[in-house]
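# Inside the fold
So the chains spell out like this:
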Amino acid sequence: MKYYFIAGEASGDLHASHLIAALQERDSEALFRCYGGDMMQARGAELVGHYRDMAYMGVIPVVMHARTILRRLRECKQDILRWKPDVVILVDYPGFNLKIARYVKQHTDIPVFYYIAPKIWAWKEHRIKAIRRDVDELFSILPFEVDFFEGKHHYPIHYVGNPTVDEVAAHRRTSSTWHKPVIALLPGSRVQEIRDNLRRMLEAAAPFARDYQLIVAQAPGQPDSVYTPIIEDSRRRFFPDVVMAVGLQSGGTFDLLANATAALVTSGTATLETALFRVPQVVCYYMKAGRLATLGRRLVLKIPYISLVNLVAGREVVPELVADGMTPSRIRHHLSSILPGGENRQQQLEGYEEVACRLGAPGAPQRAASLMVEILAQSTTDA
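Residues numbered from 1 in each chain as written. Predicted model: local features only at pLDDT ≥ 70, side-chain atom pairs only at ≥ 80, totals over all residues. Heavy atoms only, no water.

### Topic: the sheet that holds strand E11 (residues 262-265)
Across a sheet, strands are paired by hydrogen bonds formed along the backbone, either parallel or antiparallel in direction. If you walk across this open sheet you meet the 6 strands as E10-E9-E8-E11-E12-E13, and the pairing is parallel. Unpaired on one side and paired on the other, strand E10 (246-249) and strand E13 (320-322) mark the two borders of the sheet. For this sheet, the mean angle separating the axes of adjacent strands, direction not counted, is 20°. Bridging between strand E8 (residues 182-186) and strand E9 (residues 213-217) involves 4 bridges; their strand directions are parallel. What sits directly across from Ile 183, in E9, is Leu 214. Strands E9 and E10 of the sheet are contacted by helix H10 (residues 224-238), whose axis makes an angle of about 170° with E10. (Pairing = 2+ DSSP bridges. Helix = DSSP H or I, 4+ residues; strand = E, 2+ residues; numbered from the N terminus. Axes fitted to C-alpha atoms, helices over the stretch in contact; angles between N-to-C directions. Contact = heavy atoms within 4.5 Å.)

### Thoughts on the side chain of Asn 259
Here Asn 259 shows up in the loop between helix H11 (254-258) and E11. Accessibility expressed as a relative area gives 13% for Asn 259, which makes it buried. Engagement of the side chain of Asn 259 in a polar contact is seen with the backbone oxygen of Asp 255, the distance being 2.9 Å. (Buried < 20%, exposed > 50% of the residue type's maximum accessible area, 1.4 Å probe, protein only. Polar contact = N/O pair within 3.5 Å; in protein donor to acceptor, adjacent residues only side chain to side chain.)

### So, the sheet that holds strand E7 (residues 158-159)
As summarised here, the arrangement of the 7 strands in space is E3-E2-E1-E4-E5-E6-E7, forming an open sheet in which the pairing is parallel. Two strands in the sheet have a free side with no partner beyond their single neighbour: strand E3 (46-50) and E7. Bridging between strand E2 (residues 31-36) and E3 involves 4 bridges; their strand directions are parallel. When the sheet's bridge partners are listed, Arg 33 is paired in E3 with Glu 46. Set on the sheet, helix H1 (residues 10-26) makes contact with strand E1 (2-7), E2, strand E4 (87-91) and strand E5 (112-115); between it and E1 the angle comes to about 165°.

### Structural notes on the side chain of Asp 134
Residue placement: Asp 134 occurs in helix H6 (residues 128-134). A distance of 2.9 Å separates a polar atom in the side chain of Asp 134 from a polar atom in the side chain of Arg 133. Beyond its immediate chain neighbours, meaning those up to four positions away, Asp 134 contacts Ala 101, Arg 102, Lys 105 and Val 112.

### Focus on the packing of aromatic side chains
The tally for this structure, following the rule as stated, stands at 8 aromatic pairs. Taking the centre distance of 4.9 Å and the plane angle of 80° together, the rings of Trp 121 and Phe 144 count as edge-to-face. With Trp 121 in the loop between E5 and H6 and Phe 144 in the loop between strand E6 (137-140) and helix H7 (145-152), this residue pair connects regions lying 23 residues apart in the sequence. Residue Trp 121 shares its accessibility class with Phe 144, and that shared class is buried. A cation over a ring is seen here: Lys 2 above Trp 83, with NZ or CZ 4.7 Å from the ring centre. (Phe/Tyr/Trp six-rings, centres within 6.5 Å; stacked < 30°, edge-to-face > 60°. Lys NZ or Arg CZ within 6 Å of the ring centre and 35° of its normal.)

### Overview of the pairing of E2
Within E2, 5 of the 6 residues are buried, leaving the element largely enclosed by the surrounding structure. Bridge count between E1 and E2: 5 bridges; the pairing is parallel. Along E2, the bridge assignment pairs Phe 5 with Cys 34. Handedness of the crossover joining E1 and E2 through H1 is recorded here as right-handed. (Right-handed = clockwise from strand over helix to strand, strands pointing away.)

### Structural notes on the environment of Gly 37
Mapped onto the fold, Gly 37 is located in the loop between E2 and helix H2 (38-42). Owing to a relative accessible area of 0%, Gly 37 belongs among the buried residues under this scheme. Taking the C-alpha atoms as reference points, Gly 37 and Leu 14, 23 residues apart in sequence, are found 8.4 Å from one another. When neighbours within four sequence positions are excluded, Gly 37 is seen to be in contact with Asp 13, Leu 47, His 50 and Tyr 51.

Set out below in structure tokens:
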């Protein structure tokens, strides 16, 4: 079989690379071609376009790079027609991928599979029409999506488990142990997120710097220069008498989380990773014009929580401090409650077990690959 993958960001590249490896185990004649990244290429996929040329977020960056995005979209469509794959597998990144799905459905009879369902339950729910029309099989990695797609919209999906479970489980088997107690600070992956969140996180955690080392997770692709001015200014202002209180950890967050006692985490997949490492956390996401942002969130978002931990649990397992609710004093209060001896630490750890149970056992890429090979084989037999 010939598999054509499209992933538009680093996390999609990671998850797609694991799915490629699982497909290789089940299809000895598999060929892969992709718009993706280095990890997919390392697994043997022929890389014809890199996600860094497409990964623009926010209205202004998208408008500024509209020509590049449209050119990549056009090139990708043409490449699919030339290569004639047996299946197109889209990985998250709905703004780009749903356009590809529409084109493939209009111009070919190639089946379209979607791995890691678009998060239309949070916003842009109208995209269900495009998914229903253009996507043949949808593979979900979040258990509550079954109720959303099948219960609310009567669109059948495959829940295959969550690949983060696999990634965390693999790392926990090989991680080393640090000796000094650590509070992990995960301020996000984009520059503005880091600038908005990190200073407030450091101010909140400053009183604990004598007993814990504060380690900041450095996002892939972000240079030291994004973090250093904030760290140095915060050290001078909030804990000038504590030597070597703050460190910067590059190379991914897993080593950091494997050794953390507690964490302050900007919302995203990192909240789920933190839970799977069983590290109590406070979810922090600052927004400018906080009161307006809070009102906008109520109007735009269709979900009760912003963290995947709480969404999977269906209740508040971890505190969420968002927009005008994210103040250093509130962060500090919640952080104190989840450190050893804190009144909420054990309760949160028990909630994590519930989340892990709902996500299920490791093996998401393998389950997805088995289903894909089975569906494709059946369609070939039926034809």
